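Topology and contacts: notes
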Amino acid sequence: QVQLVESGGGLVQAGGSLRLSCAASGRTFSSYAMGWFRQAPGKEREFVAAISWGGGNTYYADSVKGRFTISRDNAKNTVYLQMNSLKPEDTAVYYCAADINIATVSTIPNYWGQGTQVTVSS
């Protein structure tokens, strides 16, 4: 069982930056692939980024590639999403996710956080 708690959301102007954090409970954090998703009002939840258990492999949605960076610190049981050059269309609730399988964490992960709101003003 993994419990995930996101933080770091907020209001930022277009072109600005935010860093989201996701703290995970449990002693097996380093065994899990981690991901970020987002859901904008009136839209379906979509994949944003994923990282393998060791951090050696990362994956991004085309819409954020080159602007967002996912990373993890297994010693702190935390995964991060650094978001730069933010756009109004990045406005959404951002969710942290975890799964044993790197392929599944980007599609139907087993564990979800409660989400954190990111609002980008124009």
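Please refer to the structure placed before this passage.
Residues numbered from 1 in each chain as written. Predicted model: local features only at pLDDT ≥ 70, side-chain atom pairs only at ≥ 80, totals over all residues. Heavy atoms only, no water.

The sheet built from four strands is open, its strands ordered S1-S3-S8-S7 with antiparallel pairing. At either end of the open sheet lies a strand with only one pairing partner, and these are strand S1 (4-7) and strand S7 (68-73). Pairs of neighbouring strands in the sheet enclose a mean axial angle of 15 degrees, with direction left out of account. With four bridges joining them, S1 and strand S3 (residues 18-24) adopt antiparallel strand pairing. (Pairing = 2+ DSSP bridges. Helix = DSSP H or I, 4+ residues; strand = E, 2+ residues; numbered from the N terminus. Axes fitted to C-alpha atoms, helices over the stretch in contact; angles between N-to-C directions.)

Once that is clear, we can look at the pattern of salt bridges. Going through the model one piece at a time under the given rule, you end up with four salt bridges. The closest approach of N and O atoms between Asp-90 and Arg-38, which form a salt bridge, is 2.9 Å. In this pair, Asp-90 is assigned in the loop between strand S8 (78-83) and strand S9 (92-99) and Arg-38 in strand S4 (residues 33-39), connecting sequence segments 52 residues apart. The residue Asp-62 makes a salt bridge to Lys-65 at a minimum N-O spacing of 3.1 Å. A relative accessible area of 67% means that Asp-62 is categorised as exposed. Through salt bridges with shared partners, one network takes in Arg-38, Glu-46, Arg-67 and Asp-90. (Salt bridge = Lys/Arg side-chain N within 4 Å of Asp/Glu carboxyl O. Buried < 20%, exposed > 50% of the residue type's maximum accessible area, 1.4 Å probe, protein only.)

Attention now moves to the state of the cysteines. If you walk through the whole model with that rule in mind, you get one disulfide. Linked covalently through their sulfurs, Cys-22 and Cys-96 form a disulfide whose S-S length is 2.1 Å. Its S-S torsion of about -80 degrees marks the bond between Cys-22 and Cys-96 as left-handed, since a negative value means left-handed. Residue Cys-22 is found in strand S3, and its partner Cys-96 is found in strand S9; the two are separated by 74 residues along the sequence. Residue Cys-96 is classed as buried on the basis of its relative accessible area of 0%. (Disulfide = S-S within 2.5 Å.)

A few words now on the layout of surface pockets. There is about 180 Å³ of room inside the largest pocket. Lining the largest pocket are 14 residues, with Arg-38, Ala-40, Lys-43, Glu-46 and Glu-89 positioned closest to its centre. Partitioned by chemical class, the residues of the lining of the largest pocket number three nonpolar, three polar and eight charged. (1 Å grid on protein atoms, 1.4 Å probe; cavity = no way out; pocket = protein on both sides within 12 Å on 5 of 7 lines; lining within 4 Å. Points joined across faces, edges and corners; volume = space filled by probe spheres on them. Nonpolar A, V, L, I, M, F, W, Y, C, P; charged D, E, K, R; others polar.)

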